[in-house]
Amino acid sequence: MTRAGLATRLAVLALLVAAPAMLDTYRTFLLTEILIFGLFAASLDLLLGYTGLPSLGHAGYFGVGGYAAGLFALHVTPNAFAQLAVALGVAAGVALVTGVFAVRSRGVYFLMLTLAFGQLLWVLALNWTSLTGGSNGIYGIPAPTLGGSSSWLVPSDHFYWYTLGVFLVGYVALKFVVASPFGRALAGIRGNEERMGSLGYSVPLSKLAVFTLAGAIAGFAGALACQQSKYFSPDGMSFDVSAVAVVVIVIGGQRTLLGAVLGAAFYYVMRDQLSDALSSHWQLVLGAVFVLVVYLLPGGLVSGGRRLQRRVVR
Amino acid sequence: MDRRELLKRAGAGAAIASVPLAGSSRAWAGITRKTATTPLRIGNLLTLSGPNSAPPIDVRRGFVAYVLAHGHRIGGRRVQFIDADDGNNPATAIRQVQKLVNEDHVDVIEGIFFSSVLLGVRDTIDQLKVPTIIANAAANALSRDRKSAYMFRTSYSNYQLGVPLGPWAARVIGKSGVVAITANYAAGQESAAAFKDAYEKAGGTLGATILTPFPVTPDYQPYFQQAADKGAKGVWAFTAGGGEAIKFVKTYKQFGFDKQFQLFGSNNMTDPQSVLDAQGDAALGIRTTANWAPTLKNKENVLFLKQYDKFGTGEPSAFAELGYIAAQFLDLAVRKVHGDTSNKARFLAAMASVGTWQSPGGKLTMDTKTHNVVEPVYLRNVVKRGSNYTQPLVSTLGIFKEPGA
Amino acid sequence: MASLLAANFFDQNFSAILNGVALGMLIFVLAIGLSLIFGLLDVINLAHGSLYLLGTYLGYQLVEHQGLPFILAAGIAIVFGLALGLVLAGALLPVRDRGHLDQVLLTLGLFFIVADLVTIIWGRDFHTITPPGFLRPSKVIFGHYYPSYRLGVIVVGLVIAVVTYVVFERTQLGAILRAAIEDRAMVAALGHNVKLATLSVVLAGSALATFAGVIGGPIEQVTPGVGDDVLLLALIVVVVGGLGSIPGAFVASLIIGQAQSLGVALGQEHGLPQAAPFALFGTMALILIARPQGLFGK
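This one's a predicted model, so the numbers in the text were calculated from it and none came from an experiment.

1. Structural notes on the overall build of chain A
Across its full length, chain A carries 14 helices and 0 strands. Taken from the N to the C terminus, the helices and strands of chain A come in the order α-α-α-α-α-α-α-α-α-α-α-α-α-α. Relative to a compact globule of 314 residues, whose C-alpha radius of gyration would be 20 Å, chain A shows 19 Å and is just as compact. Dimensions of chain A along its principal axes, counting C-alpha atoms only, are 50 × 45 × 40 Å. Contacts spanning at least 24 positions in sequence make up 77% of the contacts within chain A whose residues lie at least 6 apart.

See below:
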């Protein structure tokens, strides 16, 4: 890492830490949501961008994590870290079981099979009323606590810092994975699956591992979402959530992780502003933005930013 | 443009006729005259976008109709509306409540159409302590274990939707031969449970409760067949609204089930008018309950219909009336504190003690214990007059109260 | 199991089976274009649902407001669909080689735009399209009330299936298309005008989608969200059948249709009502697990 690169990273981190001092309560809330969705989208980028596995059912694992955290909070403990751990574990388990079947298919077939799994998990949440509360969702979830302190996380600034910490752990873990030998093997699978197989890599096992890992981190993000809203319902894991995650990755730029987070920020801020300005017709403009991004900004925000940077440096 | 500036501009606009109804700008004013008082800031938390936004937008229209019909004021104060689209998603709704309270500094929130949204925002509203009037979402829990000191419901609970036809079915259809069909989601389940309870208290024995997949049922025929196989003479039904209601009623007629059993149930089976028009002849003879009808003869209803007519969007739906009574309730509460909503405890106490008032749908009473309205429920029958389908009142089924436990 | 083979099986499930066929045929008509556009252009076209949506609202406008006969409205929708196909071809061609995700974003953007335009033009209320007079009443067939309109949809769907099959298997155009799905560059090198063949497929597929919107109106109703529902069904049918395979899409349409009607009816009769909401995606998951390349895919 260059010195300038390190300095930029530290500056961004400092800005993120100081954000609540500069933003009002609502904007801090919105930024918290962006970090949560950004982490979720980044976990999908690991599959979609790095490994070339386009999942359209990733919200299923986000939802499994959200319900696991919420139910654990309702019935066992309000401890925030315990909920994160449980969500991570349960989401990883569900991703592993569904992944066994999913990784056998490729391309659009993988896309539709993951869609089916995501929708089946959603239907399950909608119909397993005794556990999930059905369409009403689970509510009355106590505020999460950090060990001894029972109310530290209640103010939105504090919850933001907690989210930022968890986000960084997840994000750095993802960065670490993509830079590792395993990450390079994933890139090899994306490029040429047969060749990786003939080189002695177990392609199905690697795919299953990355599918499980991505599902686990999605569950982690789902737990954060549940802790923030103290509520979770099937709407939190619907097809829309999966589709938006794909959209923000493409807008932000694939295979960068950062692109997923920037895409999430772009989507949330855009939607927020459009919804203010246009009330019920914000979808129209958002759709136009999608179209323009594809035609004018191939490679998404990150590559657009890099092009701009190069031009400025020259 | 800065949001505040936008508010000012909207406030300076002259023509009331230009009040946006389908929604062009989020913040706008319902008043043109300049007065010394600060305007009452009302957040409209409703599903304003997406395929299910027609009924929630009706609620908003009804609310505006009341304000326009009453000197453009609520409790003597000018009014500023701030729209917040929840997209029929609890997470979005929670964000919007944060925004309405922390950025827009609203005095009161009105709206909330869907139950999942209601249960999702309940804790946030309670924590932020913002007075809220619920204009449709009917989850029982809000009047029971999830009751909030800050929330009042002027529409109904699912219990109130399900109970009224219980004794009627026992009397008209019989003590047996009744089957319930409901869309398998919370509103339907809670209403069906209430219907079963009421029917059995009236001496009946329910044949079965059949659940249809929610949100979409591709084919209703097997479910009607199941009811027929159980020997149904009458079927109480609760359908998801809109397209599902149209499919449901058409299937009933097209497959000849209308020759086997009478269909009756709660109002979203045949409301709003566009749904009934699409059902056409298939809906003839279906009995549904309602909290209001355009044909009711009282002063408020005349005022409501007259004002609504000026929008040029046709006859109001029952959802529009729900918006109207939410505004009516707010007006009464703000009047009780002489327009001063700054003392929240006093304002909330005023809301709880509004008592009884005359709405377009008859006499309503705010129950201080449950924060849920006590209301008359009417029975309607679908008939064809000329080339139009209407639902005249058959009778009053009684006054119904949410038990609160 | 015995009861599944009972003598009165068809009698008992008569309506459910026919409903499954009718639903299957409707989805099939929509899925033809989706499948061929994928096969020839390698483009996932989510805007296909918008074509259906525009078709269904156009049909509603022409029949319910302009008072045109249903069949004339369906014809106009076909012409309208051809015009939309030109627009669609223009929008899709620049992103042909850009990967599926860019295409998904683009066509999803178009889908959003059209969905909102429809609410601006026609509002958000729920409507229907009245079927032609001679198909309006229900008929008694083998002792069952059955809506004759759905029988009409089944007939139309079968006719379109046969025509598509003949065009594909018995004509010069069909031979070029089949070869182009396998290897586009090779067919172009042989001097055939693949571009024109592709354009004709995009136009025909779009026209079938708007046509499906009109004939689907009386069954699926005219609502702002109907485009989402049918698009999902068509995508499922295309993938379950095998990408680019018309016979595959036909068989998959019948299976998906039956899963949602006969499957549900059997669940009701045999004490498994909880299974109904899982029928659609469960069927799709099972087929794709057993055959990861779809029923007729290679």
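2. Overview of the overall build of chain B
On a plain count of helices and strands, chain B comes out with 13 helices and 17 strands. The C-alpha atoms of chain B give a radius of gyration of 21 Å, which matches the 22 Å a tight globule of 405 residues would have. Across its three principal axes, chain B shows a C-alpha extent of roughly 65 × 45 × 40 Å. By the burial criterion, 62% of the 405 residues in chain B qualify as buried. When contacts within chain B are restricted to residue pairs at least 6 apart in sequence, long-range pairs at least 24 apart make up 71% of them.

3. Looking at the nonpolar core
Residues A91(A) and V237(C) are the most contacted members of the largest nonpolar core, which totals 342 residues. With 19 residues, the top contributor of residues to this core is helix α2 (residues 14–41) of chain C. Each residue touching V237(C), except ones within four places of it in the same chain, is listed here: I27(C), F28(C), A31(C), A249(C), A252(C), S253(C) and I256(C).

4. As for the interface of chain A and chain C
Counting residues at the interface gives 30 residues for chain A and 35 residues for chain C. Looking at the side of chain A that touches chain C, its residues break down into 23 nonpolar, 6 polar and 1 charged.

5. Some words on the pairing of strand β2 (residues 144–147) of chain C
All names here are of chain C. Bridge count between strand β1 (residues 138–141) and β2: 4 bridges; the pairing is antiparallel. Directly across from V140, in β2, lies its bridge partner Y145. Linkage of β1 to β2, two consecutive antiparallel strands, is achieved through a turn of 2 residues, within which F142 is found at a positive phi near 50°.

6. Looking at helix α4 (residues 70–92) of chain C
All names here are of chain C. With 23 residues, α4 should cover 33 Å at 1.5 Å per step; its first-to-last C-alpha distance of 31 Å lies within 8% of that length. For α4, every residue scored as buried is listed here: F70, A73, A74, A77, F80, G81, L84, G85 and L88. Where α4 is buried, its residues contact α3 (48–65) and α9 (194–220).

7. Overview of the pairing of strand β13 (residues 362–366) of chain B
Residues and elements named next belong to chain B. In terms of strand pairing, strand β12 (residues 356–359) meets β13 through 4 bridges, oriented antiparallel. If you follow W357 over to β13, its bridge partner there is L364. Between β12 and β13, which pair antiparallel one after the other, the connecting turn spans 2 residues. Pairing geometry for β13 and strand β14 (residues 373–381), over 2 bridges, is antiparallel. Within the sheet, the bridge partner assigned to T365 lies in β14 and is V374. The turn joining β13 and β14, which pair antiparallel and follow one another in sequence, is formed by 6 residues; a positive phi near 60° is taken by H371.

8. What about unusual backbone geometry?
Residue and element names in this part refer to chain B. For the peptide bond that leads from F214 to P215, omega is 5°, which places it in the cis range. Inspection of the secondary structure puts P215 in the loop between β8 (206–212) and α8 (221–229). A cis amide bond, omega -10°, links D271 with the succeeding residue P272. As for its position among the elements, P272 is in the loop between β10 (262–265) and α10 (273–279). You will see that H72, though not glycine, has its phi angle at about 60°, which is positive. Tracing the backbone shows H72 in the loop between α2 (54–69) and β3 (79–85). Even without glycine at this site, H105 takes up a positive phi of about 50°. Looking at where H105 falls in the secondary structure, it is placed in the loop between α3 (90–102) and β4 (108–111).

9. What about the environment of I42(B)?
All names here are of chain B. Counting through the fold element by element, I42 comes out in strand β2 (residues 40–46). The buried category is assigned to I42, around which 27 C-beta atoms lie within 10 Å. Note: C-alpha distance between I42 and F63 (21 residues apart in sequence) is 11 Å. Here I42 is in contact with V79, Q80, F81, V106, D107, V108 and E110, once residues within four sequence places are set aside.

10. Notes on the interface of chain B and chain C
Counting residues at the interface gives 24 residues for chain B, matched by 26 residues for chain C. Those elements that provide at least two residues to the side of chain B that touches chain C are α2, α8, α9 (243–254) and α10 of chain B. Considering each element in turn, the side of chain B that touches chain C owes the most residues, 5 residues, to α8(B). Grouping the constituent residues of the side of chain B that touches chain C by class yields 13 nonpolar, 9 polar and 2 charged.

11. Considering the packing of helix α2 (residues 25–50) of chain A against helix α11 (residues 239–252) of chain A
Residues and elements named next belong to chain A. Between α2 and α11, the shortest axis-to-axis distance is 9 Å and the interhelical angle comes to 75°. Here α2 is positioned roughly perpendicular relative to α11, judged by the angle of their axes. Taken together, the residues of α11 that come into contact with α2 (itself represented by F40, A41, L44, D45, L48 and G49) are A245, V246, V248 and I249.

12. Considering the packing of helix α7 (residues 156–179) of chain A against helix α10 (residues 203–229) of chain A
Residues and elements named next belong to chain A. Their axes nearest at 11 Å, the elements α7 and α10 cross at an angle of 175°. Relative to α10, the element α7 is oriented roughly antiparallel. Of α10, the residues touching α7 (which contributes F159, T163, V166, G170, L174 and V177) are L213, I217, F220, L224 and Q228.

13. Some words on the confidence of the model for chain A
The share of residues in chain A with pLDDT of 70 or more is 99%, and the mean pLDDT across the chain is 93. Mean pLDDT across the elements of chain A ranges from a minimum in helix α14 (residues 300–313) of chain A, with 84, to a maximum in helix α3 (residues 59–75) of chain A, with 98.

14. Quick look at the environment of G157(C)
Residues and elements named next belong to chain C. The topology assignment puts G157 in helix α6 (residues 148–170). Note on G157: 24 C-beta atoms within 10 Å, which makes it buried. G157 sits 129 residues away from F28 along the chain, and the two C-alpha atoms are 7.4 Å apart. Ignoring anything within four residues of it in the chain, the contact list for G157 reads M25, L26, F28 and V29.

15. Some words on the confidence of the model for chain B
Residue and element names in this part refer to chain B. Per-residue confidence for chain B gives a mean pLDDT of 90, with 91% of residues at or over 70. Predicted confidence is poor over residues 1–36, with pLDDT under 50, and the contacts of this stretch with residues over four places away or in other chains come to 55 contacts. Reported confidences for the modelled complex are a pTM of 0.93 and an ipTM of 0.92.

What counts as what
Residues numbered from 1 in each chain as written. Chains lettered and ligands numbered in written order. Predicted model: local features only at pLDDT ≥ 70, side-chain atom pairs only at ≥ 80, totals over all residues. Helix = DSSP H or I, 4+ residues; strand = E, 2+ residues; numbered from the N terminus. Rg over C-alpha atoms; globule rule 2.2 N^0.38 Å. Contact = placed C-beta atoms within 7 Å. Buried ≥ 20, exposed ≤ 12 C-beta atoms within 10 Å, placed from the backbone. Core = buried A, V, L, I, M, F, W, Y, C linked by C-beta atoms within 7 Å. Nonpolar A, V, L, I, M, F, W, Y, C, P; charged D, E, K, R; others polar. Pairing = 2+ DSSP bridges. Expected span 1.5 Å × (residues − 1). Axes fitted to C-alpha atoms, helices over the stretch in contact; angles between N-to-C directions. Parallel < 35°, antiparallel > 145°, perpendicular 65-115°, else oblique. pLDDT = per-residue confidence, 0-100.

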